[in-house]
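Commentary on secondary and tertiary structure
Here is how the chains run, residue by residue.
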Amino acid sequence: MRNCSSYRMRVKENIRIVDPACGDTVMQLVLEPVDGSQVKPFTAGQFVRIAVPGLKEPAPGYFAIASGPEVTSSYEFYIKNAGPLSAHLCALQPGDELDLEGPMGKGFNLEAYKGSDIYLIGVGTGIAPLRSVWSHIIHHRSDFGKVAIYAGFLTSLHQLLTDELTDLSHHGIEVSITLETGHENWDGPIGYVQHALEQDDIDGSNAIACLAGMSAMVDACTETLHHLGFDDSRILLNY
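Heads up: these notes are all about the structure in this document.

1. Concerning the pairing of strand β10 (residues 207-212)
Most of β10 is tucked away: six of the six residues are buried. Across the two faces of β10 the burial is the same, with Ala207, Ala209 and Leu211 and Ile208, Cys210 and Ala212 all buried. Where strand β7 (residues 117-123) meets β10, six bridges bridge the pair, whose relative direction is parallel. Paired with Tyr119 across the bridge in β10 is Ala209. Here β10 runs beside strand β11 (residues 235-236); their pairing, made up of two bridges, is parallel. Bridged to Cys210 within β11 is Leu236. Chirality of the crossover, the property in question, places the unit of β10, helix α5 (residues 215-227) and β11 among those that are right-handed.

2. Some words on the sheet that holds strand β6 (residues 97-104)
Hydrogen bonds between backbone groups are what pair the strands of a sheet, and the pairing can be parallel or antiparallel. Strand order in this open sheet of six strands is β4-β3-β6-β1-β2-β5, and the pairing throughout is antiparallel. Strand pairing shows two members of the sheet lacking a second neighbour, β4 (61-64) and β5 (75-80), which therefore form its edges. Taken over all neighbouring pairs, the strand axes of this sheet differ in orientation by 40° on average, direction set aside. Of the strand pairs in this sheet, strand β3 (residues 47-51) and β6 are connected by four bridges, and their pairing is antiparallel. Within the sheet, the bridge partner assigned to Phe47 lies in β6 and is Met104.

3. Section: the pairing of β3
Burial runs high along β3: five of the five residues are buried. Judged by which residues are buried, β3 turns out to be covered on both faces: Phe47, Arg49 and Ala51 on one side and Val48 and Ile50 on the other are all buried.

Each value, and the rule that gives it
Residues numbered from 1 in each chain as written. Predicted model: local features only at pLDDT ≥ 70, side-chain atom pairs only at ≥ 80, totals over all residues. Heavy atoms only, no water. Buried < 20%, exposed > 50% of the residue type's maximum accessible area, 1.4 Å probe, protein only. Helix = DSSP H or I, 4+ residues; strand = E, 2+ residues; numbered from the N terminus. Pairing = 2+ DSSP bridges. Right-handed = clockwise from strand over helix to strand, strands pointing away. Axes fitted to C-alpha atoms, helices over the stretch in contact; angles between N-to-C directions.

This is the structure:
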């Protein structure tokens, strides 16, 4: 899976995208090639290995590309400050450089599923590879039937891409947001994202589901999808 040849990219933007009141730091990190060339082509949902040049610590790590394959000038990532490498990445400034390997992983190749309904299911920063998928779908919207996103967040303060998710209705994409902890003004689903799938009783007869997130969430959603008529061939993971 590893592509052993690394290449250098530099920070174009690094912007906090969650409310400071939530207690977590999530950054929108945009990287561009240092030589001004186009980024390496990739399939929506693939990821790269990021390392700090010249340092063994913090150790390199893997991050899903959040931008769509149609964007050729840069890669975009959502980085949550949750360890030594992510803390370093969250503190980077424009012009700082990083070494990348990849893209790698299966990604979510939808070529074989034209005409199908598409369900994108993820929680927290697991929405990153799904954002790459829906960005790709927007460019090829007529190739697919119903498209729906089921995203889960801890609270409304932790929600990512609020405006972008709202605007997806203009592209015929439905969005369901589930919060683990609601509030008095919240009228959407509360609990876990698989509960919203159950409540909506989604139709798996001509559909695929793309899952991204923690293994416990993926396992729970897979079980729910089985109950809704999805077989394993129509439940896709990006790795």
